[in-house]
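Coordinates in review
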Amino acid sequence: ALNGVYSVGKTTSDFATLEDAISLLKHCGINGPVTLELAAGVYNPFVFNDFDIQGSNDSTMITITSAARNNHSVYIWFTTGNSGITLDNVKHWKLEYLNLDGTSSSSGTTSGILFASACENVEINRCFIRMNTSTTTSTVTCLKKNNATGILNNVRIIGNIFEGAYYGIYLYAG
């Protein structure tokens, strides 16, 4: 089981990719708080699907953060029809100091962070979510949860910057 701080994103890191780290988390679980520190750079969109990691709970969360603790060092670029980060049945996660850039997305269904289904105990902290500033399409959002996709429980949105989009935050009841 994992416990502690792990570096991600360089050949000299504990994990070369975030996918490698997530795979091990899913297989081994955790026995204490885990922080995955992303090296400065540009990353592809992430989809976190069915992440109820064994051993995670309210006090042993999994944090994905910029190693520099700066929301201008880790960039997640995404385009029309995609989301920067998709959270699908995620429990006990914290995202912090990430820069999600969807400024090239002016139409289609696009979100910086998309809650695709029920999620529990999720914190989004000090992220910078940038979308197209001239869009007139209501499906372009910084943070979104659609109708009939499950209930969000104990979701905290703290100290973030939302720029552009038609809606900054669009949360629809379960």
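Below is a summary of the structure that appears in this document. (Residues numbered from 1 in each chain as written. Predicted model: local features only at pLDDT ≥ 70, side-chain atom pairs only at ≥ 80, totals over all residues. Heavy atoms only, no water.)

**Quick notes on the nonpolar core**
Here is the rule: Nonpolar cores are built from buried Ala, Val, Leu, Ile, Met, Phe, Trp, Tyr and Cys residues. Side-chain atoms within 4.5 Å join them into one set. Only protein chains enter the accessibility calculation, which uses a 1.4 Å probe. A residue is then buried if its area is under 20% of the maximum for its type, exposed if over 50%, and partly exposed in between. Secondary structure counts use DSSP, requiring at least four H or I residues in a row for a helix and at least two E residues in a row for a strand, with both numbered from the N terminus. Pairs of residues are marked as contacts when any of their non-hydrogen atoms sit within 4.5 Å.
Within the largest apolar cluster, 42 residues are counted, with the highest numbers of intra-cluster contacts made by Leu36, Phe48, Ile85 and Leu87. Ranked by residues supplied to this core, first place goes to strand 7 (residues 83-96) with 5 residues. With residues near it in sequence (within four places) discarded, Leu87 still touches Phe48, Leu95, Ile113, Leu114, Phe115, Ala116, Ser117, Cys119 and Val122.

**A word on the pattern of salt bridges**
Using the following cut-off: We count a salt bridge whenever a side-chain nitrogen from Lys or Arg sits within 4 Å of a carboxyl oxygen from Asp or Glu.
Under the criterion given, the structure shown has 7 salt bridges. For the salt bridge of Glu96 with Lys94, the shortest nitrogen-to-oxygen distance reads 3.6 Å. A cluster of three or more residues bridged by salt bridges with shared partners is formed by Lys94, Glu96, Glu123 and Arg156.

**Some words on the sheet that holds strand 11 (residues 128-131)**
Short version of the rule: Any two strands with at least two DSSP-identified bridges between them are counted as paired. For every element, the axis is a line fit to its C-alpha atoms; helices are fit only across the contacting stretch, and the angle between N-to-C directions ranges from 0 to 180 degrees.
Taken in spatial order, the 5 strands of this open sheet run 3-6-8-11-14, and their pairing is parallel. With one partner strand each, in any of the chains shown, strand 3 (41-43) and strand 14 (161-163) form the two edges of the open sheet. Strand-to-strand twist across the sheet, computed as the mean angle between neighbouring axes with direction ignored, equals 15°. As paired strands, strand 6 (residues 74-77) and strand 8 (residues 99-102) are joined by 3 bridges and run parallel to one another. Directly across from Trp77, in strand 8, lies its bridge partner Asp101.

**Observations regarding the side chain of Thr60**
By the element assignment, Thr60 lies in the loop between strand 4 (46-51) and strand 5 (62-66). Those residues in contact with Thr60 that lie beyond four places of it in its chain are Ile30, Gly32, Pro33 and Gly55.

**Concerning the environment of Glu123**
Rule in force here: Whenever two N or O atoms come within 3.5 Å, that pair is a polar contact, provided that in protein one can donate a hydrogen and the other can accept it, and provided that, for residues adjacent in sequence, both atoms are side-chain atoms.
In this structure, Glu123 sits in strand 10 (residues 119-125). Linking Glu123 and Ile157, residues 34 residues apart in sequence, is a C-alpha distance of 6.0 Å. Apart from the residues within four sequence positions on either side, Glu123 is in contact with Trp93, Lys94, Leu95, Arg156 and Ile158. Polar side-chain contacts of Glu123 include one of 3.0 Å to the side chain of Asn125.

**Remarks on the packing of aromatic side chains**
Here is the rule: Stacked, tilted and edge-to-face are the three classes applied to pairs of Phe, Tyr and Trp rings, where Trp contributes its six-membered ring and a pair requires centres within 6.5 Å; stacked means planes under 30 degrees apart, edge-to-face means over 60, and tilted covers the rest.
Tallied over the entire structure, the rule returns 8 aromatic pairs. Where Phe46 meets Phe48, the ring centres are 5.9 Å apart and the plane angle is 40°; that geometry is what we call tilted. Judged by its relative accessible area of 6%, Phe46 is buried. Plain terms: the ring middles of Tyr75 and Trp77 are 5.8 Å apart, the flat faces sit at 15° to each other, and that makes the pair stacked. Owing to a relative accessible area of 22%, Tyr75 belongs among the partly exposed residues under this scheme.

**A word on the side chain of Asp101**
Inspection of the secondary structure assignment puts Asp101 in strand 8. Among the residues examined, Asp101 registers a relative accessible area of 2% and is labelled buried. In contact with Asp101, not counting residues within four places along its chain, are Ile76, Trp77, Phe78 and Arg130.

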